[in-house]
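This is what each chain is made of:
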Amino acid sequence: MSTSPLAHLAQQVTDLLTSIAALSTLEELRDAEASLTGKRSPLASLQKSLGALEPEARKAAGAELQEARRVVETALDGQRALLARAARQSSLEADRLDLGDVVVGDVRWPLSVGHPGLISLTQRELEDVFVGMGFTVADGPEVESDWYNFEALNIPPAHPARGLWDSFYVDLGEPETVVLRTHTSPTQIHLMERAVADDSLPIHSVMPGRCFRRDTPDASHLYSFHQIEGLVVDRGITFGDLAGVIETFTRAYFGPDISSRLRPGYFPFTEPSAEFEVTCTICRGSGCRTCSSTGWLELGGCGMLDPAVLKAVGVDGEEWSGFAFGFGIDRCALMRHQVSDLRALIENDVRFLGQFS
Amino acid sequence: MKISLNWLREFVELPESAEELRTVLDDLGLVVEGVEHVGQGLEDVVVARVDEIREIEGADRIRLVVVDAGHGPLEIVCGASNFAVGDHVPLAPVGAVLPGGFTISERTVRGVVSHGMLCSPRELEMNDDHQGLMVLDQLIEPRVGEGLVVALKITPDVIFDISVEGNRPDAWCVEGVARDLATRLRRTLRSPTLATTNSMTESASFAGAAIDDPDLCGRLTVSVLREVKVTASPSWVAQRLQSSGMRPISNVVDASNLVMLELGQPTHPYDAAQVAQRTLRARRARPGETLTTLDGVERQLAKSGRGLGDTGEDLVIVDGDDRVLGLAGIMGGASSEISASTTDVLLEAAYFDPMTIARSSKRHALRSEASNRFERGVDPQLALRAVARYVEILRESVPELQWLANPLDVRGTIPTPPSLELRRSDVGRLLGVEIAIDDVLAILGGLGFSVVQKKDYLEVTAPGSRLDVRAGSEGRADVIEEIARLYGYRRLPRHNPAWPELGGLDDRQRLRRHLREVVVDAGALEAWTPSLGSDADFDLLLRDQARVRVTNPLAADESVLRATQITGLVRAWAKNYERGLGDVILVEFGVVFTHPGATSDPRMTKGGVGGKLILALPRENERVTIVLARQDDDASSAVALWSVVARRLGLDDVVVRSVTEAPRGLHPTRAAALVDRTSGALLGHVGEVDAELVDAVTSGSPLRRLGLIDLDFDALADPHQATRAPAAVRVPSRFPSAVLDLAFVTPQRVNAGDLAHTLRQASDLVEEVTLFDVYHGPTLAEGTRSLAFNVRLSSVDRTLNENEVTRCRALLIELAGSLGAVLR
Ligand SMILES: [Zn+2]
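Residues numbered from 1 in each chain as written. Chains lettered and ligands numbered in written order. Predicted model: local features only at pLDDT ≥ 70, side-chain atom pairs only at ≥ 80, totals over all residues. Heavy atoms only, no water.

1. With respect to the overall build of chain A
What counts here: Secondary structure elements follow DSSP: runs of H or I no shorter than four residues count as helices, runs of E no shorter than two count as strands, and numbering proceeds from the N terminus. The globule rule is 2.2 Å times the number of residues to the power 0.38, and the radius of gyration it is compared with is taken over C-alpha atoms. When a residue's accessible area, from a 1.4 Å probe over protein chains only, is under 20% of the maximum for its type it is buried; when over 50% it is exposed; and in between it is partly exposed. Working rule for contacts: check all heavy atoms of both residues, and any pair within 4.5 Å makes them a contact.
From N to C terminus, chain A includes 12 helices and 9 strands. For 357 residues, the compact-globule formula gives about 21 Å, and the C-alpha radius of gyration of chain A, at 35 Å, lies well above that figure. By its C-alpha atoms, chain A is 110 × 55 × 50 Å across when sized along the principal axes. Within chain A, buried positions represent 57% of all 357 residues. Considering only contacts in chain A between residues 6 or more positions apart, those separated by 24 or more positions represent 68%.

2. Things to note about the pairing of strand S4 (residues 59-68) of chain B
Quick note on the threshold: In this description, strands pair whenever DSSP reports at least two bridges between them.
Taken across its 10 residues, S4(B) has 8 buried, putting it largely inside the fold. Connecting the antiparallel pair strand S3 (residues 46-56) of chain B and S4(B) is a turn made up of 2 residues, with B:Gly58 showing a positive phi of about 80°.

3. Digging into the coordination of the zinc ion
All names here are of chain A. Rule in force here: Any N, O or S atom lying within 2.8 Å of the metal counts as a donor, and for Na, K and Ca the limit rises to 3.2 Å; water is left out, so some sites can look incomplete.
Surrounding the zinc ion are the protein donor atoms Cys280 (SG), Cys283 (SG), Cys288 (SG) and Cys291 (SG), which sit 2.3 Å from the metal. Binding-site remark: the zinc ion is held by donors from one chain whose sequence spacing is C-x2-C-x4-C-x2-C. Pair check on accessibility: Cys283 and Cys288 agree, each one buried.

4. Structural notes on the packing of helix H4 (residues 174-185) of chain B against helix H12 (residues 472-487) of chain B
Residues and elements named next belong to chain B. Let me state the cut-off plainly: Comment: axis = line fitted to C-alpha atoms, over the contacting stretch for helices; angle = value between 0 and 180 degrees taken between N-to-C directions. Put simply, angles under 35 degrees are roughly parallel, angles over 145 are roughly antiparallel, angles from 65 to 115 are roughly perpendicular, and the rest are oblique. All residues other than Ala, Val, Leu, Ile, Met, Phe, Trp, Tyr, Cys, Pro, Asp, Glu, Lys and Arg, Gly among them, are scored as polar; the first ten of these are nonpolar and the last four charged.
The N-to-C vectors of H4 and H12 enclose an angle of 65°; their axes lie 9 Å apart at closest approach. In terms of their interaxial angle, H4 and H12 are classed as roughly perpendicular. For the pair formed by H4 and H12, the contact residues are Asp180, Thr183 and Arg184 on the first element and Arg485, Leu486 and Tyr487 on the second. Of the residues belonging to the contact of H4 with H12, the class tally is 2 nonpolar, 1 polar and 3 charged.

5. Focus on the interface of chain B and chain A
Put simply, the rule reads: Accessible surface is computed with a 1.4 Å probe, and the buried area is the amount of it that two parts give up when combined, taken over both parts together. By definition here, a salt bridge exists when the distance from a side-chain nitrogen of Lys or Arg to a carboxyl oxygen of Asp or Glu is within 4 Å. Here a polar contact is recorded for every N or O atom pair within 3.5 Å, except that within protein the pair must consist of a potential hydrogen donor and a potential acceptor, and residues adjacent in sequence are included only if both atoms are side-chain atoms.
Taken together, the contact between chain B and chain A spans 129 residues of the former and 120 residues of the latter. At the boundary of chain B with chain A, total buried surface from both sides reaches about 10,200 Å², with 56% on carbon and sulfur atoms. At the boundary of chain B with chain A, the tally comes to 16 salt bridges. Residues B:Arg494 and A:Glu247 are paired through a salt bridge, measuring 3.3 Å at the closest nitrogen-oxygen approach. Seen at the junction of chain B and chain A, the total is 59 residue pairs in polar contact (both at pLDDT 80 or more). No other element matches the 7 residues that helix H16 (residues 635-649) of chain B contributes to the side of chain B that touches chain A. Partitioning the side of chain B that touches chain A into residue classes produces 57 nonpolar, 36 polar and 36 charged.

6. Points about the confidence of the model for chain B
The following threshold applies: Here pLDDT means the predictor's own confidence in every residue, given as a number from 0 to 100.
In this model, chain B carries an average pLDDT of 93, and 99% of its residues clear a pLDDT of 70 or more. Both scores are given for the predicted complex: the pTM is 0.87, the ipTM 0.89.

7. Considerations on the confidence of the model for chain A
Counting all residues, the mean pLDDT for chain A is 90, and 98% of those residues have values of 70 or more. Looking over chain A, one finds the lowest element-wise mean pLDDT in helix H3 (residues 42-49) of chain A, namely 78, and the highest in strand S1 (residues 136-137) of chain A, namely 98.

8. Let's talk about the packing of aromatic side chains
For clarity, the threshold we go by: The pairing test for Phe, Tyr and Trp rings, Trp by its six-membered ring, is centres within 6.5 Å, and the orientation test on the planes gives stacked under 30 degrees, edge-to-face over 60, and tilted for anything in between. A ring is considered to have a charge above it if a Lys NZ or an Arg CZ atom is located within 6 Å of its centre and within 35 degrees of its normal.
Here the structure, examined in full by the defined rule, presents 18 aromatic pairs over all chains. Judged by centre distance (6.0 Å) and plane angle (25°), the ring pair of A:Phe267 and A:Phe269 falls under stacked. For the pair A:Phe267 and A:Phe269, one class covers both residues: buried. In textbook terms, an aromatic cluster arises when at least three aromatic residues are bridged by ring pairs, as seen for A:Phe130, A:Phe135, A:Phe249, A:Tyr253, A:Phe254, A:Phe276, A:Phe323, A:Phe325, A:Phe327 and B:Trp499. The ring of A:Tyr253 is capped by A:Arg336, whose NZ or CZ atom sits 4.2 Å from the centre of that ring. The ring centre of B:Phe83 lies 5.7 Å from the NZ or CZ of B:Arg63, which sits over that ring.

9. Examining the sheet that holds strand S37 (residues 738-747) of chain B
All names here are of chain B. The strand order across the open sheet formed by 4 strands is S38-S39-S37-S40, and the pairing between neighbours is antiparallel. Edge positions in the open sheet fall to strand S38 (766-775) and strand S40 (822-823), since each of these has one partner strand only. Those strands touched by helix H19 (residues 752-760) are S37, S38 and strand S39 (784-793), and its axis lies near 35° from that of S39. Its contacts with the sheet put helix H20 (residues 802-818) on S37, S38, S39 and S40, and the angle it makes with S37 is roughly 20°.

10. Brief notes about the sheet that holds strand S24 (residues 450-453) of chain B
Residues and elements named next belong to chain B. Spatially, 3 strands are ordered S23-S25-S24 in an open sheet, and the strand pairing comes out antiparallel. Every interior strand has two partners, whereas the edge strands, strand S23 (419-423) and S24, have only one. Pairwise comparison of adjacent strand axes, ignoring direction, gives a mean angle of 25° for this sheet. Bridge count for S24 against strand S25 (residues 457-461) is 4 bridges, and the pairing is antiparallel. Bridge pairing in S25 places Val452 opposite Glu459.

11. Considerations on the packing of helix H5 (residues 118-132) of chain A against helix H8 (residues 239-254) of chain A
A pair of packed helices can be characterised by two numbers: the angle between their axes and the separation between those axes. Residues and elements named next belong to chain A. Put simply, the rule reads: Less than a right angle of anticlockwise turn of the near helix away from the far helix marks a crossing as left-handed, whereas a clockwise turn marks it as right-handed.
It is the contact of H5 with H8, at a shortest axis distance of 10 Å, that shows an interaxial angle of 130°. Classified by the angle their axes make, H5 and H8 are oblique. Note on packing geometry: the crossing formed by H5 with H8 is right-handed. When H5 is examined against H8, the residues Thr122, Glu125, Leu126, Val129 and Phe130 are found in contact with a partner set consisting of Phe249, Ala252 and Tyr253. Split by residue class, the contact of H5 with H8 holds 6 nonpolar, 1 polar and 1 charged.

12. Some details on the nonpolar core
Formally: In plain words, nonpolar cores are sets of buried Ala, Val, Leu, Ile, Met, Phe, Trp, Tyr and Cys residues tied together by side-chain atoms within 4.5 Å.
Counting residues in each nonpolar core, the largest one holds 157 residues, and the members touching the most others are A:Phe325, A:Phe327, B:Phe160 and B:Leu225. The residues contacting A:Phe327, other than those within four sequence positions of it, are A:Leu126, A:Phe130, A:His226, A:Gln227, A:Ile228, A:Phe249, A:Phe276, A:Leu299, A:Gly300 and A:Cys332.

13. Observations regarding the pattern of salt bridges
Residue and element names in this part refer to chain B. Taken as a whole and assessed by the stated rule, the structure comprises 95 salt bridges over all chains. For Lys229, the salt bridge identified is with Glu400, shortest N-O distance 2.1 Å. Separated by 171 residues along the polypeptide, Lys229 in the loop between strand S12 (217-226) and helix H5 (235-243) and Glu400 in the loop between helix H9 (383-397) and strand S21 (402-403) bring together distant segments of the chain. We classify Lys229 as partly exposed; its relative accessible area is 47%.

14. Here we look at the side chain of B:Asp379
All names here are of chain B. Rules: This count recognises Lys and Arg as positive and Asp and Glu as negative, with His and chain-terminal groups excluded.
Summarising the element assignment, Asp379 is placed in the loop between helix H8 (369-374) and H9. Nearest to the buried, unbridged Asp379 among oppositely charged side chains is Arg179, at 6.6 Å. Among the polar contacts listed, one links the side chain of Asp379 to the backbone nitrogen of Gln381, at a separation of 2.8 Å. Apart from residues lying up to four places away in sequence, Asp379 is in contact with Gln265, Gly464 and Ser465.

15. Some details on the domain arrangement of chain A
Here is the rule we go by: Note: domain ranges come from an automatic or database domain assignment.
Its domain assignment divides chain A into domain 1 (9-96) and domain 2 (118-356). Between the C-alpha centres of domain 1 of chain A and domain 2 of chain A there is a distance of 65 Å.

16. A closer look at unusual backbone geometry
Residues and elements named next belong to chain A. Residues Leu201 and Pro202 are joined by a peptide bond in cis, for which omega reads 5°. As for its placement among the helices and strands, Pro202 is situated in the loop between helix H7 (185-197) and strand S4 (203-212). Across the junction of Glu271 and Pro272, the peptide omega takes the value -5°, indicating a cis bond. Of note, Pro272 is situated in strand S7 (residues 270-279).

In structure tokens:
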């Protein structure tokens, strides 16, 4: 009976493991790989010698060799990870820089021209118009509870009107109690609650911000977008005041030859509600494809605060009345700069970003 | 909703011009989204009989069809295959002009001459069907050679596509739209012809009706119709349905649809022979029950849904054996469907609770024309009037029809229309203008409101069709909206309100603008990267941290709210780099989110039904993140940019302090915290982007260092955290300054900024201390480096003498010594 070719396998594996442990750099490891597990390794020669065995014995020896190879390869992988960590550590150490020691005057600072983003630029212009009209500006959170985003705005749970806002729900609390705000209107509720709590009515505020709707992205929809919302709560505020504010804003922002008009609409949080349209900025009212030959473009929604909303926030509707309006900042930006595809806004192509002054 | 002008004209006298009418509709809030002209351009199309169909050699999609339109055989090449020899189809002969202006000419296809075109409904702009030719035998008894307009009895019409708002349950039908128009135009609203029962047999002797759950089903009427023959509808009925985008099926079903379109009441015809004991009963579905609806889907009933406030309730109609026949108000089942052999019909006309229908329809993702109307609120009083109209229409095709006496009419809970006290001042107070009482009365009367004039007010009661009108002050607003709407929003005068309070930005908003300007002035482009990202991206920096997840993302890689802007911004840079446009500074102003479970400071707010729960929401942190990616930019450039920002923001004393544990995303050995020395607050970090991150988000990592500044804007905007320089400034001395250069061998652990700060405290004479050189070298002790400062001394009232300078120098050296720094 001849000796099995694997008689010394255990010793050979031990030797290989010892060599692996002795590897001290990634380069060494790369160079040694062929002789440890590759073609020039003892395991490879053993593999060849198996050919001489009887099928039964070959199978058993093959399995044994396979296991040995696994052990060696695992050790090699482990060593590789160890050395990579060490290499990163030492390169990080070599790279170490105490930033407190930076001599600012020595830093080379090539001239580069920056630009604000289209949205923030537009938002600033819009805010400035409203500030000039006597409005303050209020910010609000982007994640809201259903109470602020819906219920306080007269959209009770399971109400079909919730379907108007395709919401992203957040995996917190009871199902559908936390949403990415679908509009800036919840900020109205925060403002009114706060004003009631610290007895600081009236309110004249605009609320810009990012909102989210579950819209599949295309040329005219992104899942996140920006709105600006206006809220006035004061004594003796009427629908006529709302129409006047919309008109003043329209002329101030779009120019003196652009005017506004209201037509009946529906929003659960306002009553009466209206959609507001402005003279088509492309054809200046004479009719074109953009405005479907009507001469008007729909910009946003508005209305008198619904008594149910005032009740929800504890504002006395006998003493106070008010209105709200809202529209898309992105839409204004697109209209002004004639951007035909909203997606350009999130692609961050520097050739696009570099055009806004 | 598609609505026919001819149909509207039956209810009210209208202006000739469709354009004029469109304007009126728009102004009433019934916004016209499209206008379609029907039956125009069909003058040249005639009825032709198919006499022969031949294959064309070498063509498998088209065939040669020989037709006769009264002038002998005509060979036409045709691609459709839904017809056979003997069928009648519309032919547009050579020279005909089709709707849309398309002129038919002779053409040769595969060597065969085609003498005209056989048309599909879409080619005739009659409906969207383009599956095949319009086979006329299914619609009429065609006569060869007859003009199609005459054959189909087509009357030219205009179809308005109207968008109906959620608070207009009444406007989901022709009569409702006509009522608005009649009121606005001050015309009379005509009522359609109605049938009356024509049998002495009592309905109750034949059929039964019951309501088990009166809260879900407010009214259930069951009418018995006998001696029914199921045939095709009269062509005017078919046309009306088609004009509204519905497909004619049979006279029994079509009449039901027609009445729904016309009056807004959905009805449901059952084959009485398939209904056990000919009894209809409305009840809650029980858990475990199922129903196979007409669309062939098996539905699990009474299974509670996920949505907030969804109780899982379904209302079903069952028969006398308690077998479920249909999902009430939404869709019927197949078992009791009208078939060709139906002779007795049970016609259900009901009022169902709108919220129940809305929830069921949403839960089962099943919307129908009926559910659309029921969930908005069908007039509870309308049922039997609608049945009378149904019978009137069906009788045209079934003259022998019997409508049994006293239809069954079972009542559950029906909402009562609120009565409102409307003071005259209410209208003016809300609208800003008084509207004449005659106008108010005409408007409300026209809309079907009942109005009683009292001494100080009007007592107004809404009609059953206006379930949207609420009680109390809300209801007053609803009614005033109706007055304003019919009066015309554009007639209401505008007014510019004025108030004494000033407008303006708050400190935080001003700071945000200022910071943006500074960074942009320094050369940054402002980017906007996604708030939602993938788990994989989140894991890149925060593997073990809880994340805020969206339950219904559009895509898996948009399911997690970002906890950092660094990844997104580096990604945005990498895309530009791949275009060869990577030499930029990018900045983003945005919000990042921390899971309430991963922060000691979650945002607590109210939520849930009635706002009764207290919810822990993610902490939102506004950050300003800057990536410096120009050639040769690195951590030093980031520090330099920060120094510009700090100076411009008046952040007098923020120290750039190396950190042992850099936050993920920053280069571990090239990162520093920005610490406000006065408050001790952390304002952000500065350094480089971790090469591992750059590697992970780029394909084939480019070897470029990216400088990084990541600022906590919430901290910057908080005056208790970010200490601003006092408003009072120092006027430079008019006397000459003395300048000292001092180099200290300083232990590495001593921060250069701290040392400079200490030197500044040495004396009132110290005007400025600036680091100008750092030297590491073999001549210095291990763990030290040399920091060279330029110290400028001056006094406001004198020229410093040598003694004073020397003393000051000694003091500076002594103070440096207290930190372990030794003059070199
Ligand atoms: Zn236009």
